[in-house]
Amino acid sequence: MAEAWLTIVGMGEDGVAGLGPRSQAALHAAEVIMGPPRHLNHVPETGAARILWPVPFADGLPMLANLRGRRVVVLASGDPFWFGAGAVIARQFEADEWVSLPGPACFALAASALGWPLDQTACLALHAAPMARLRPHLSPGMRLMATLRDGDAVADLCGYLAALGFGDSRVHVFERLGAEDARHSAGTARDLLGDFAHPVMAAIDVAGDGDTLTRASGQRDDIFDHDGQITKRPVRAITLSTLAPRPFEHLWDVGSGSGSIALEWLLAHPTTRATAFEVRPDRAQRIDANADRLGLSDRLTVIIGAAPEALPDTPRPDVIFVGGGLSQSLIEAVTAIPSRLVVNAVTLESEALLAQAHAAHGGDLTRIELSQSAPLGPKRGWSRAYPVVQWSLKR
């Protein structure tokens, strides 16, 4: 096995003083040291060439590749493989080309300061992501930790929590964790004020009476903005159960409407992905807005167009859901793709198509009938919703 030429060194805010013997030795043996300014400024002169890692981050990867064969140290923050640069760099090179020497992650330092069990605390990276990534985790009693873009982002975080009804949350702000001049401030999201300096992170003890998303399938209908074209909560819960999302799977949601099926699919696990197909541009915009509000936009792709013409060749889905625009040509297109398939139908014409498809391909055909109490004169009776016929095919 070839000797690694690249060492990824995790640095804390106390600079080289906090590095272990292997990290110190790697720095002194390096021919080239590459990293952001705040880390390079901590390293004393060793005779090595210094390269400032550029912005955007991806621009530094070809620069690093051109250094192959020299002894190179890349400086990263804390643990490079916890929301850090490590995973991005490692994907570019063979496993025997690099080694990682991590330092304490800011999450571990904050947990130690607060006495929070890290295994029961949700850790998020918000230094390059919207505050809405917090949304699925906001529930009273939850503890969250998040890296932040800069000191001004503290006010953005507190404003976001307060606007959603979680202004009573206790927010701890840590500046320069691990350094001698580290600072810890705390207050409720509603009234925490101050000037905060980068690098900064926050720990949140969630409290308040804001809306909480359920962990089960079947979110309330009003969680999603829609124009009436939405799979209603009970049918959506049944449909998600039939779709049976698994980690890392990709869903095609065809005839997406409000995007509720695709979005609940994404809520099921943080590694799932979805592509929503919607013929109407206004509804496609609504799907995007719903995804932004729920913090799921990074894993959702929205394609405007009619199926089956709009269905792309790649990436292939693991599961397909058809909720609208059913036709014989669409059935032929989706059954030709080797994936699990779920189709919901309401009209007599689409029911007939599903009956034919079931006869030709097998699978399960289920009729879902629901009733809800409604006024009937001075009393109450049952108001029946249109029945939904669901065809599912496991392959």
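Scroll up for the structure.
Below, the structure is looked at part by part.

The rules behind the values
- Residue indices follow the written sequence of each chain, beginning from 1 at its first position.
- Residue-level local features of this predicted model are given only where pLDDT is at least 70; pairs of side-chain atoms are given and counted only at 80 or more, and the full residue set underlies all totals for whole chains, interfaces and linings.
- For the side-chain quantities, the full set of heavy atoms in the structure was used; hydrogens and water were omitted.
- Strands are treated as partners if at least two bridges between them are detected by DSSP.
- Helical segments are the DSSP runs of H or I of at least four residues, strand segments are the runs of E of at least two, and each set is numbered from the N terminus.
- Every axis in this analysis is a line fitted to C-alpha atoms, fitted for helices over the stretch in contact. Angles between the N-to-C directions lie between 0 and 180 degrees.
- Every residue pair with non-hydrogen atoms within 4.5 Å of one another is taken to be in contact.
- A clockwise turn of the near helix away from the far one marks a right-handed crossing, whereas an anticlockwise turn of less than a right angle marks a left-handed crossing.
- Just so you know the grouping, Ala, Val, Leu, Ile, Met, Phe, Trp, Tyr, Cys and Pro go in nonpolar, Asp, Glu, Lys and Arg go in charged, and all remaining residues, Gly too, go in polar.

**Section: the sheet that holds strand β5 (residues 98-101)**
- Reading across the sheet, the five strands line up as β3-β2-β4-β1-β5 and stay open at both edges, with parallel pairing between neighbours. Because the sheet does not close on itself, it has two edges, and the strands there are β3 (49-52) and β5. Strand-to-strand twist in this sheet, taken as the mean axis angle between neighbours without regard to direction, amounts to 20 degrees.
- Where strand β2 (residues 32-35) and strand β4 (residues 72-77) come together, three bridges link them in parallel fashion.

**Let's talk about the sheet that holds strand β14 (residues 319-322)**
- Ordered in space as β13-β12-β11-β14-β15-β19-β16, the seven strands form an open sheet in which the pairing is mixed. Looking at which strands have only one partner, the edges of the open sheet turn out to be β13 (300-304) and β16 (364-368). The mean inter-strand angle of the sheet, taken between neighbouring strand axes irrespective of direction, is 15 degrees.
- Pairing analysis gives four bridges linking β14 to strand β15 (residues 340-345), with the strands arranged parallel. When the bridges of β15 are listed, I320 appears paired with L341.
- Sheet strands in contact with helix α8 (residues 260-268) are β11 (250-254), β12 (273-278), β13, β14 and β15, and its direction is about 165 degrees off that of β11.
- Lying over the sheet, helix α10 (residues 328-335) contacts β11, β14, β15 and β19 (388-393), oriented at roughly 170 degrees with respect to β14.

**Observations regarding the packing of α10 against helix α11 (residues 348-361)**
- One way to put it is that α10 packs onto α11 with a least axis distance of 11 Å and a crossing angle of 35 degrees. Crossing hand, α10 versus α11: right-handed. Of the residues in α11, those touching α10 at Q328, I331 and T335 are L353, Q356, A357 and H361.
- Of the residues assigned to the contact of α10 with α11, the class counts are three nonpolar, four polar and no charged.

Shape descriptors only; they carry no functional weight alone.
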